[in-house]
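# Results of the structural survey
The residues making up each chain are set out below.
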Amino acid sequence: MKSKEYDEYAWFAVFLLAAAYFVITRRGGGIHHSRGGLLTSFSEPYEISASSVSVSEGRNGNHEEMMRSIFYIANNQKGGSSSSLTLAHNHQLEVVLSSPPDLQECHKAHSNSNEQAIPFLSHLASTTWVHDEDLGRGYLLLSDAGRSGRIWRWEVGGGPITIGRSLHMERSGCRSGLWVNNTNMMTINQTSCPENIFTDSISVQSSCTTTKTAAEVSPPLLGSPSLAVELTRDAERASIGKNIAVAEWGEKRIIRVEGESGARTPLVVLVPPPKNHDKDLEKEEEQSEDTKQSEQVSSEWVRIQRPNHLSYTPFGDLLFSDNRDNGVGIVYRLKDAVHAQPISAEQSRVAHGWTKTTMEDQDERQDNIDSLFQINGTIDGLALGSDYSVLYILVATPSGKTVYQLSLDSDEDDEDDGSGGTTGEGLKEGVSVFYKMASENCGNDRTVEAKGANLSVGSKLSVDAKGTLYVITCPSSVTLLSTEKGQGVAIGSLSSQGSSDFTSVGFGEDGFLYITSSHQLLRVKNRIG
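So, here's what we can say about the structure. (Residues numbered from 1 in each chain as written. Predicted model: local features only at pLDDT ≥ 70, side-chain atom pairs only at ≥ 80, totals over all residues. Heavy atoms only, no water.)

## Observations regarding the layout of surface pockets
- Taken as a whole, the second largest pocket holds about 1,200 Å³ of empty space.
- If you trace the second largest pocket, you find 38 residues lining it, with A238, S311, S462, V463 and F507 closest to the centre.
- For the lining of the second largest pocket, the elements supplying multiple residues, two or more each, are β5 (124-132), β9 (227-229), β15 (307-312), β19 (378-384), β23 (461-463) and β27 (502-507).
- When its residues are assigned to classes, the lining of the second largest pocket shows 19 nonpolar, 17 polar and 2 charged. (1 Å grid on protein atoms, 1.4 Å probe; cavity = no way out; pocket = protein on both sides within 12 Å on 5 of 7 lines; lining within 4 Å. Points joined across faces, edges and corners; volume = space filled by probe spheres on them. Helix = DSSP H or I, 4+ residues; strand = E, 2+ residues; numbered from the N terminus. Nonpolar A, V, L, I, M, F, W, Y, C, P; charged D, E, K, R; others polar.)

Okay, here's the thing in structure tokens:
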């Protein structure tokens, strides 16, 4: 008789347990709280990197209103003309993941030390949001360009404790060593990839940085600087996809990791060569028979060197950049990239030595890749406009940074293959300057470039759903640009004092703007996304 009474109340006990789990594991502090479950309220708070945003002066005085529509501003700060706005509590720029810096000289100097601060992030370069339909939520992929590369996964789960980071892929940029230190990009050179495992203990407050610059003691960059989720037909959002495109610096190619088999299908190995845009030099070269022969040789496709800034268009094309060793930056388009046939896992093991995308494709006729943009400078970022009709291109030179806008509609109508049709300024038709900033404007926040290091190691440009551009203009500052009469206008900035240089900026579908430095992941709540 007593057992029956207990059975009658069993459902109530199960209900209480379920209700308690729901309350504990769901976000506390409102829907805009930056934490996970209720138990995270008892955990150590994240380090705050910036607690305010700056507002640029505007003719109509609407820049403050625009910044308020983007960030969560403290309620006690009333509207008016202000050059700075305080971010609301729990909506500040916070450091959610941090690693000691990966400095090789520090490893050697402190290999006998008892300290156990082991770095796990070498050189973060970009972030990509992936939505998992099976889990019913998304997560952030962090691309590490340092050493042989790693792809990390960072997420906040539905459980009582933040899931945090986990290793998603090892050796994401260099596996074979065939193309490391290879000056002849058409032949194989057997070397080795740098080791990813950190066995030496180091000191975070190391004295080695006082005698050498960080660039001189930084690890080799042979990892994966950029990722992109391949579009899935009829998907509700662009982040839903099983396949991931990866730029491999150690292998000097762009591949697609097949979600079903894990095979690495080569998408881009060879690209059209750079074109000479110096008209005076071209006239001199036309008078030389030797130059004519060299031009004929240069028309042959070359192996890609520093692929970066991967982005899929709604039409299934893949946009990407290549910063050549001669200081030329080029933007390419791989047509119908989503239709590339996958290879098997067995083929994937030998594909590192391929000099083209497939061993069967040995014909010289290649028209699936065209050049959209070329300039003497470093491509620092690519971003499609909110309506996908414009491609924004961030270019860095010693004098500063410039954002160009390329009309993709006009490019579709252009019969030229992308190698000619330049304006008097050396720009292709359909390209215009959107925003320009001199390096002097960064003041004390100017980058000191290492000798001979002219590499773009991060995606420093992003666009939100309303068309506002987010540009890393200074080493530790993100400038927000709105569009007024076809030109970019700075409306404000988000700066972090005393932090490492920012390497990338991008959005997640969880309402956060994510920023990386070489060894940190930061985020700030954003109203638009």
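## Looking at the environment of G486
- By secondary structure assignment, the location of G486 is in the loop between β25 (477-484) and β26 (487-495).
- Look past the residues within four positions of G486 in its chain and what remains in contact with it is Q405 and F434. (Contact = heavy atoms within 4.5 Å.)

## Some details on the nonpolar core
- With 24 residues, the main nonpolar core has V53, M67, F71, Y470, L480 and I515 as its most contacted residues.
- Per-element accounting of this core gives the leading share, 3 residues, to β27.
- Those residues in contact with L480 that sit more than four places away from it in its chain are M67, I70, F71, T468, L469, Y470, V489, A490, I491, G492 and S493.
- With 21 residues, the next largest nonpolar core counts A228, W301, I304 and L310 among its residues. (Core = buried A, V, L, I, M, F, W, Y, C linked by side-chain atoms within 4.5 Å. Buried < 20%, exposed > 50% of the residue type's maximum accessible area, 1.4 Å probe, protein only.)

## Let's talk about unusual backbone geometry
- With a phi close to 50°, R171 is a non-glycine residue in the positive phi region.
- Although it is not a glycine, K252 sits at a positive phi angle of roughly 55°.
- Residue placement: K252 occurs in the loop between β10 (244-248) and β11 (253-257).

## Let's talk about the sheet that holds strand β1 (residues 47-50)
- Pairing within the open sheet is antiparallel, and its 5 strands lie in the order β1-β4-β29-β28-β27. Unpaired on one side and paired on the other, β1 and β27 mark the two borders of the sheet. Ignoring which end each strand starts from, the neighbouring axes of this sheet average 30° apart.
- Bridge count for strand β28 (residues 512-517) against strand β29 (residues 520-525) is 6 bridges, and the pairing is antiparallel. In the sheet register, S517 faces β29, and the bridge partner there is Q520. (Pairing = 2+ DSSP bridges. Axes fitted to C-alpha atoms, helices over the stretch in contact; angles between N-to-C directions.)

## A closer look at helix α2 (residues 63-70)
- Within the sequence span of α2, burial applies to H63, E64, M67 and I70. The arc that holds the buried residues of α2, viewed along the axis, is 120°, so those residues lie on one side.
- Of the surrounding secondary structure, the elements contacted by the buried residues of α2 are β2 (52-55), β3 (84-86), β24 (469-474), β25, β26 and β29. (Arc of directions from axis to C-beta.)

## Concerning the pairing of β28
- Taking burial as the measure, the 6 residues of β28 include 6 buried ones, the bulk of the element.
- Here 5 bridges tie β27 to β28, and the two strands are oriented antiparallel to one another. Note that in β28 the partner of V505 across the bridge is I515.
- In sequence, β27 turns back onto β28 through a hairpin of 4 residues, with G511 there showing a positive phi of about 90°.

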